[in-house]
Amino acid sequence: MSDAETLFERIIAREIPAEVVYETERVLAFRDINPQAKTHVLVVPKVRYRNVAELAAADAGLLGEVIGAAEKVAELEGIVESGYRVVFNTESDAGQTVFHVHAHVLGGEQLGFFGRYGG
Ligand code: AMP
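The structure contained in this document is the topic of the report that follows. All values derive from a computational prediction rather than experimental measurement. (Residues numbered from 1 in each chain as written. Predicted model: local features only at pLDDT ≥ 70, side-chain atom pairs only at ≥ 80, totals over all residues. Heavy atoms only, no water.)

1. Topic: the layout of surface pockets
Okay, so step 1: Quantified by volume, the largest pocket comes out at close to 1000 Å³.
Okay, so step 2: Lining the largest pocket are 36 residues, and of these Asp32, Gln36, His40, Asn89 and His104 sit closest to its centre.
Okay, so step 3: With three residues, the single largest contributor to the lining of the largest pocket is helix 1 (residues 7–12).
Okay, so step 4: Residue classes in the lining of the largest pocket are distributed as 18 nonpolar, twelve polar and six charged. (1 Å grid on protein atoms, 1.4 Å probe; cavity = no way out; pocket = protein on both sides within 12 Å on 5 of 7 lines; lining within 4 Å. Points joined across faces, edges and corners; volume = space filled by probe spheres on them. Helix = DSSP H or I, 4+ residues; strand = E, 2+ residues; numbered from the N terminus. Nonpolar A, V, L, I, M, F, W, Y, C, P; charged D, E, K, R; others polar.)

Listed below in C-alpha cells is the structure:
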C-alpha cells in the first residue's frame, strides 16, 4: 500500500462531496460520478487497502462488511429481486484507477456481458 492519499480518502473525510447512500462505522457507500448502470454505487472501507486481495489478507472481517454493505445498498436501491453485480477491479488490465479498494454495485437494468475489451 502506498502512502499517497486517494480521492476516496478525501470523500471519506468529506473534503470532496459525494452522494452517500449508506454508511457504517467502517464502510462508506456513495454514487459513482460516472454511472455505468441506472444504479452504480461504490462501497469502500474507510481504511485504505490498495485492492481486494490486500484487504482480504489484512482484514477478512472488513471485506465481509464491504460485501454486506453492497447487499444493503442493493436493498436500499430496490434491486435485490431484479439482480445486481458486485465488481472489484484490480490493477491495470481490469481498469482500476483509484487505488483504494472499492466494490462497484451495478444494477437497476439489464447489464451487458463483460470480459475482453471490445470482444
Ligand atoms: P475503478 O476504475 O474500478 O478504480 O473505479 C473508480 C471509480 O470511481 C470510477 O467508476 C469513477 O467513475 C469513480 N469516481 C471517480 N471520481 C469520483 C467521485 N468524485 N465521486 C464518485 N465516484 C468517482
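2. Comments concerning the site of the ligand
Okay, so step 1: Contacts to the ligand come from 16 residues, most closely from Asp32, Gly95, Thr97, His102 and His104.
Okay, so step 2: One nitrogen or oxygen atom from the side chain of His102 is found 2.9 Å from an oxygen atom belonging to the ligand.
Okay, so step 3: Its free accessible area being 500 Å², the ligand has 84% of it covered by the protein chains.
Okay, so step 4: Most atoms of the ligand, that is more than half of them, are within 2 Å of grid points of the largest pocket.
Okay, so step 5: Breaking the shell around the ligand down by element, the ones donating at least two residues are helix 1 and strand 2 (27–31). (Near = heavy atom within 4 Å. Polar contact = N/O pair within 3.5 Å; in protein donor to acceptor, adjacent residues only side chain to side chain. Areas by Shrake-Rupley, 256 points an atom, 1.4 Å probe, with all protein chains shown as cover. Sits in = over half its atoms within 2 Å of the grid points.)

3. Quick notes on the packing of aromatic side chains
Okay, so step 1: Overall, the coordinates contain one aromatic pair when judged by the stated rule.
Okay, so step 2: Pairing Phe8 with Phe30 gives two aromatic rings, centres 5.4 Å apart and planes at 75°, and the pair type is edge-to-face. Here Phe8 is found in helix 1, whereas its partner Phe30 is found in strand 2, with 22 residues between them in sequence. Phe30 matches Phe8 in its accessibility class, with the two residues each being buried. (Phe/Tyr/Trp six-rings, centres within 6.5 Å; stacked < 30°, edge-to-face > 60°. Buried < 20%, exposed > 50% of the residue type's maximum accessible area, 1.4 Å probe, protein only.)

4. Thoughts on a nonpolar patch on the surface
Okay, so step 1: Residues Ile67, Val80, Tyr84 and Val86 make up a contiguous nonpolar surface patch of roughly 290 Å² in combined accessible area.
Okay, so step 2: Within the secondary structure, Val86 sits in strand 4 (residues 84–87). (Patch = residues over 30% accessible without salt bridge, like charges linked within 9 Å, V, L, I, M, F, W, Y side chains within 5 Å. Salt bridge = Lys/Arg side-chain N within 4 Å of Asp/Glu carboxyl O.)

5. Quick notes on the sheet that holds strand 3 (residues 39–45)
Okay, so step 1: Reading across from one edge, 1-2-3-5-4 is the order of the five strands in this open sheet, with antiparallel pairing throughout. Single-partner strands in this sheet number two, and they are strand 1 (20–23) and strand 4. On average, adjacent strands in this sheet sit at an angle of 20° to one another, irrespective of strand direction.
Okay, so step 2: Of the strands in this sheet, strand 1, strand 2, strand 3, strand 4 and strand 5 (103–107) touch helix 3 (residues 60–77), which is tilted by about 155° from strand 3. (Pairing = 2+ DSSP bridges. Axes fitted to C-alpha atoms, helices over the stretch in contact; angles between N-to-C directions. Contact = heavy atoms within 4.5 Å.)

6. Side note on helix 3
Okay, so step 1: The end-to-end C-alpha distance of helix 3 is 26 Å, a good match for the 26 Å that 18 residues give at a rise of 1.5 Å each.
Okay, so step 2: Buried residues in helix 3 make contact with strand 1, strand 2, strand 3, helix 2 (52–58), strand 4 and strand 5.
Okay, so step 3: Two residues or fewer past helix 3, Gly78 is found with a positive phi of approximately 75°. (Expected span 1.5 Å × (residues − 1).)

7. A word on the pattern of salt bridges
Okay, so step 1: The final tally for this structure, using the stated rule, is ten salt bridges.
Okay, so step 2: Among the salt bridges present, the one from Asp59 reaches Arg26, with a minimum N-O distance of 3.1 Å. Here Asp59 is found in the loop between helix 2 and helix 3, whereas its partner Arg26 is found in the loop between strand 1 and strand 2, with 33 residues between them in sequence.
Okay, so step 3: Across the salt bridge formed by Lys72 and Glu75, the nearest N and O atoms sit 3.8 Å from each other. With Lys72 and Glu75 both in helix 3 and three residues apart, this pair spans about one turn of that helix.
Okay, so step 4: Glu75 sits in the partly exposed class, given a relative accessible area of 45%.

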